[in-house]
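# What the coordinates show
For reference, the chains in residue letters:
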Amino acid sequence: MPTSLASRARLFKEYKDVQREKSADTDILLTCDENNIYRWTAHIKGPAETPYQEGIFQLSINVPEQYPLVPPQVRFLTKVFHPNVHFKTGEICLDILKTAWSPAWTLQSVCRAIIALMAHPEADSPLNCDCGNLLRSGDLRGYQSMARMYTRLAASPNVSH
Amino acid sequence: MTGNLEVFQPRLERAYVQAFLLDDNHDNVRDHRRRRRSSRKSNVEDATACHDAFRRAFGTRLAVTYENETRLAGCVLYYLLTTGSGLQTLGEEYCDIAQVAGSSRLPLAPARRTVLVFFQTVLPYIAERLSAKAASSNGYLSSDTSEDLGHSERASGANSMRHTEGEVSQQSAGQVNDSVVDRNRDPTSPCSQRLQSLWTAALQRWPRVLPGLRDAFLFAVRGNLMLFYFEGVYYQLSKRVAGVRYIHMGKLFYKKPKYHMLGMFLLIQLSIVGGDWLRRTALPNLADSMRAQAMDQNFTVGQKGILVLDEEGNQLLDSSELGKGASENMASNGSSKCSLCLSPRQSPTATPCGHVFCWNCIIDWCNEKTECPLCRSPMLQSDLVCMYNADV
Ligand SMILES: [Zn+2]
Ligand SMILES: [Zn+2]
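About the cut-offs
- Residues numbered from 1 in each chain as written.
- Chains lettered and ligands numbered in written order.
- Predicted model: local features only at pLDDT ≥ 70, side-chain atom pairs only at ≥ 80, totals over all residues.
- Heavy atoms only, no water.
- UniProt positions renumbered as here; feature names shortened; annotations may be inferred.
- Contact = heavy atoms within 4.5 Å.
- Buried area = accessible area lost by both parts, 1.4 Å probe.
- Salt bridge = Lys/Arg side-chain N within 4 Å of Asp/Glu carboxyl O.
- Polar contact = N/O pair within 3.5 Å; in protein donor to acceptor, adjacent residues only side chain to side chain.
- Helix = DSSP H or I, 4+ residues; strand = E, 2+ residues; numbered from the N terminus.
- Nonpolar A, V, L, I, M, F, W, Y, C, P; charged D, E, K, R; others polar.
- 1 Å grid on protein atoms, 1.4 Å probe; cavity = no way out; pocket = protein on both sides within 12 Å on 5 of 7 lines; lining within 4 Å.
- Points joined across faces, edges and corners; volume = space filled by probe spheres on them.

The name given to chain B in an unreviewed UniProt entry is RING-type E3 ubiquitin transferase, and the organism recorded there is Adiantum capillus-veneris. Listed under Subcellular location (unreviewed entry) in UniProt, the entry text for chain B is "Peroxisome membrane". Regarding chain B, the UniProt comment filed under Catalytic activity (unreviewed entry) reads as follows: "S-ubiquitinyl-[E2 ubiquitin-conjugating enzyme]-L-cysteine + [acceptor protein]-L-lysine = [E2 ubiquitin-conjugating enzyme]-L-cysteine + N(6)-ubiquitinyl-[acceptor protein]-L-lysine."

Under an unreviewed UniProt entry, the name given to chain A is E2 ubiquitin-conjugating enzyme, and the organism recorded is Adiantum capillus-veneris. Under the heading Sequence similarities (unreviewed entry), UniProt records this for chain A: "Belongs to the ubiquitin-conjugating enzyme family."

The following block contains the structure:
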């Protein structure tokens, strides 16, 4: 099992790095399942000056044993209205999590990429067709109010706790 | 001998005349001068004329041995009888110019004349002798210096050799015609011993200083030439040092030519040479000291890193763990960390784009996808180079 050994070693390194740099990046809180190093959870802050601002979004991260040769599977647990996120399953359409994966990415940097995706929605490859259509028809206001509403409903710390 | 003096038109002065002043417009004096000039011989013949006389007087053997000295004697005599006694040399006469003090423009005082003659004749000779001797005795010295130089029968042969050389350079001070070499001086007299040890010490140091000195001298000569092209006052370095310049006494029949272009070219050349020299000598020292400083800083940073780890980690209290943490910290400080396993690189392997990973990490990724994990440039597994011999 050389690959699982390698992935364990690497995930352990990432864990230590996360512990060390916890205070450096306050937008991302990465936690590892105490019994399974392949299961991670991330809480990310919605980027400022977007409809997701002030929301806290929960991500589930499943790391395959072949990691880092193959990308981790990341999906939103929190409901989010975004053209590149499946509204029901939380699946994320992001190239680096699919074909453009590189082992130089870490879980931390993947979370950063997802935050960037939230700030820069890509309407041309929608997983959420309604959202994509709103953006493509130029109804920025409609998209923003929908996204803000779902952020209030699902991602607001006051509501969820 | 005085009959031969006419052929001792010094070469540099002639160059000066040709470069700056010689012109066919000196109508009234031309024929007269031409006659004289045609009686002069070529450079090579000039050099051998006095030598020739010496050979006839003292035989070929001695003449060959003291070739340089006879030439020097000829030059000294020539300059003493012309410049030294306040007369014009042939070249100066030919061009109607006279030497005056650079500042006051008055005829030269005897002291200044002597200095000038010394600079023009004896000094170059001494410099040449010294450098030639240093070059030839270099090998001999390196084999001999481990011995105590004060005593030795073994070195007596060498001693007498050095002795003769010392005398030769004494002779260069002007008594060349006295060709009787005193070889019977007692080599063990304390005075000569001290002289010898001083001489040897100077010789030992000389070869190291010599190249730089020679370069500096050539540089000065060229610099002087450049200045001459700009201001047109001192053609020879010796004249500049002695503060002796020429003035034209006759009528000027033509416009004084300008040589600023030549001066510019020389200036460019000199600045390139000087810059190169600076880069080779001064900058490496600077870089060394800067590197040393950087090393110091790195060291303190590394120590800080260890301290931080110490405070932070409860798990790191174990001493072996602490060491591990420190080494990891160092790895992250430098670039020796593999970005695939996030650990110090094992068997560092370079991609064609120049990124370095562990051999195992990059080979595994290569089976997945043939592009660099960091920059995505395409690569083949056969392109990977494990850097066995590199210190990375
Ligand atoms: Zn590696
Ligand atoms: Zn690369």
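### Topic: the interface of chain B and chain A
Every contact between the two is made by 15 residues of chain B and, on the other side, 18 residues of chain A. Carbon and sulfur atoms supply 51% of the area buried between chain B and chain A, which totals about 1400 Å² over both sides. Together, Leu342(B), Trp365(B) and Arg376(B) form the three largest contributors to the area buried by chain B at its contact with chain A, with a combined 34%. For the pair chain B and chain A, the interface holds zero salt bridges. Remark: the boundary between chain B and chain A carries four residue pairs in polar contact (both at pLDDT 80 or more). Tallying contributions element by element places helix 13 (residues 359-368) of chain B first for the side of chain B that touches chain A, with three residues. A per-class count over the side of chain B that touches chain A returns six nonpolar, two polar and seven charged.

### Describing the layout of surface pockets
Empty space within the second largest pocket amounts to approximately 440 Å³. Lining the second largest pocket are 20 residues, and of these Ala6(A), Cys341(B), Asn360(B), Cys361(B) and Asp364(B) lie nearest its centre. Within the residue set of the lining of the second largest pocket, elements represented by two or more residues are helix 1 (2-20) of chain A together with helix 13 of chain B. Take the lining of the second largest pocket: its biggest share by element is eight residues, from helix 1 of chain A. Taken together, the residues that form the lining of the second largest pocket break down as 11 nonpolar, six polar and three charged.

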